[in-house]
There are 2 protein chains.
Amino acid sequence: MPNNKAKTRKPTSDAVEILHRRSYEGRPARLKNLEEARANEEIARKIQELRAAAALTQTQLAKLIGTTASVICRLEDADYEGHSLAMLRRIAGALNQRVEIRFIPIRRSA
Amino acid sequence: MPNNKAKTRKPTSDAVEILHRRSYEGRPARLKNLEEARANEEIARKIQELRAAAALTQTQLAKLIGTTASVICRLEDADYEGHSLAMLRRIAGALNQRVEIRFIPIRRSA
DNA sequence: TTGCTTATTCGCAATATTGCGAATAAGCTG
DNA sequence: CAGCTTATTCGCAATATTGCGAATAAGCAA
């Protein structure tokens, strides 16, 4: 999969895409990337908070989910962009939590 | 990464793991897998609902996020276990939504 | 039935994430 | 300072997810 960090738009003429663009134009890809970056930061922070709340070291949490400390460290790096649902669930499971996913409508300009 | 569908526990003697097992024993891996299966079903359903609410076909949604209909179909399959945060975000973004992730404590026996 | 649209399934290449050791930094106590 | 624990970074192999076409099924209207 091509990294969607710098996504270019294919020159389509599909009506659906045009409609979508119309409602989408107000939010440039630039902003979208910022939002994603912030979301990743937040996930990293949540993992760290969860681990801290459980009073575990990175090595201890790593053992609980069957991996190594370097992996946990990577997950807690605010710049890491590879967070996966699978990994979040493994961590949640080890800490007696569950991962809830919600789709929330974005209101424009509010 | 070894598929965590049938996860076996390494024979460790780490104190932390022992402590964790103690609080974890009440929820066998069997149940955990069921929970994950249900969570995946729910994600598949949400994607389908979101797409339906936007009145899009699989092909149309696929074009919006730069992929093909077969991929969308796979995501909406209740038995699919490969959901990723990246893909959820792509779909959410195309439909003017954002993905919210929450860690929620599990209360036992309640 | 035909014709058309939509949805589903399969296989495999391409890409992304994870596993994991090693090296190094950072912090903390003596 | 030394010694220890914890955290971070790097590189690459192993595994998982995605891309995507092709074939087929399913639904619906004429």
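J.: How do you make sense of the overall build of chain A when you look at a structure like this?
T.: Across its full length, chain A carries five helices and one strand. In chain A, the succession of α and β elements from N to C terminus is α-α-α-α-α-β. When burial is assessed residue by residue, chain A has 36% of its 110 residues classed as buried. Excluding contacts between residues fewer than 6 apart, the proportion of contacts in chain A whose partners are at least 24 apart in sequence is 53%.

J.: Is there a simple way to think about helix α4 (residues 69–76) of chain B in this case?
T.: Each turn of an α-helix holds 3.6 residues, which means side chains three or four residues apart point in the same direction. Turning to α4(B), its buried residues are B:Val71, B:Ile72, B:Leu75 and B:Glu76. Buried positions in α4(B), seen along its axis, are confined to an arc of 135° and lie on one side of it.

J.: How do you make sense of the pattern of salt bridges when you look at a structure like this?
T.: Between side chains of opposite charge, a pair can form when the charged atoms approach closely. All names here are of chain A. Enumeration over the complete set of coordinates arrives at twelve salt bridges over all chains. Residues Arg45 and Glu49 are paired through a salt bridge, measuring 3.0 Å at the closest nitrogen-oxygen approach. Residue Arg45 and its partner Glu49 are both found in helix α2 (residues 29–53); the two are separated by four residues, about one turn of the helix. Using a relative accessible area of 41% as the deciding quantity, one classes Arg45 as partly exposed.

J.: Just checking my understanding: could you explain the side chain of B:Asn40 for this structure?
T.: Within the element layout of this structure, B:Asn40 appears in helix α2 (residues 29–53). Take B:Asn40: its relative accessible area is 4%, and that puts it in the buried class. In this structure, B:Asn40 is in contact with A:Arg89, B:Ala78, B:Tyr80, B:Glu81 and B:His83, ignoring residues within four places of it in sequence.

J.: Looking at this structure, I do not really get helix α5 (residues 85–94) of chain B. What am I missing?
T.: Residues and elements named next belong to chain B. Within α5, nine of the ten residues are buried, which leaves it mostly tucked inside the rest of the structure. Leu85, Met87, Leu88, Arg89, Arg90, Ile91, Ala92, Gly93 and Ala94 are the residues of α5 that are buried. Directly beyond the C-terminal end of α5, a positive phi value near 55° is found at Asn96.

J.: Where do I start with the environment of B:Ile91 in this structure?
T.: Residues and elements named next belong to chain B. Secondary-structure assignment places Ile91 in helix α5. Overall, the relative accessible area of 0% leaves Ile91 in the buried class. Expressed as a C-alpha distance, the spacing of Ile91 and Glu42, which sit 49 residues apart in the sequence, is 15 Å. Setting aside residues no more than four positions away along its own chain, Ile91 makes contact with Ile47, Leu61, Ile65 and Leu75.

J.: Help me understand unusual backbone geometry, please; the structure alone is not making it clear to me.
T.: Residue and element names in this part refer to chain A. Phi angles above zero are rare outside glycine, and Ala55 is one such case at about 55°. Residue placement: Ala55 occurs in the loop between α2 and α3 (58–64). Classification of Ala55 as exposed rests on a relative accessible area of 65%.

J.: Even after reading the chapter, I still don't get the confidence of the model for chain A, so can you show me in this structure?
T.: Residues shown with low pLDDT carry predicted positions that ought not to be read at fine detail. Residues and elements named next belong to chain A. In the predicted model, chain A carries a mean pLDDT of 79, and the fraction of residues at 70 or more is 70%. Between the elements of chain A, mean pLDDT differs from a low of 45, seen in helix α1 (residues 15–24), to a high of 98, seen in helix α4 (residues 69–76). Counting contacts from residues 1–15, a segment whose pLDDT is below 50, to residues more than four positions away or on other chains yields 15 contacts. Below pLDDT 50 for its whole length, residues 17–26 participates in 20 contacts with residues either more than four positions away or in separate chains.

J.: Honestly, the environment of B:Ala37 in this entry has me stumped. Any pointers?
T.: Structurally, B:Ala37 is set in helix α2. Distance from B:Ala37 to B:Glu81, taken between C-alpha atoms, is 7.5 Å for residues 44 residues apart in sequence.

Cut-offs and rules
- Residues numbered from 1 in each chain as written.
- Chains lettered and ligands numbered in written order.
- Predicted model: local features only at pLDDT ≥ 70, side-chain atom pairs only at ≥ 80, totals over all residues.
- Heavy atoms only, no water.
- Helix = DSSP H or I, 4+ residues; strand = E, 2+ residues; numbered from the N terminus.
- Buried < 20%, exposed > 50% of the residue type's maximum accessible area, 1.4 Å probe, protein only.
- Contact = heavy atoms within 4.5 Å.
- Arc of directions from axis to C-beta.
- Salt bridge = Lys/Arg side-chain N within 4 Å of Asp/Glu carboxyl O.
- pLDDT = per-residue confidence, 0-100.

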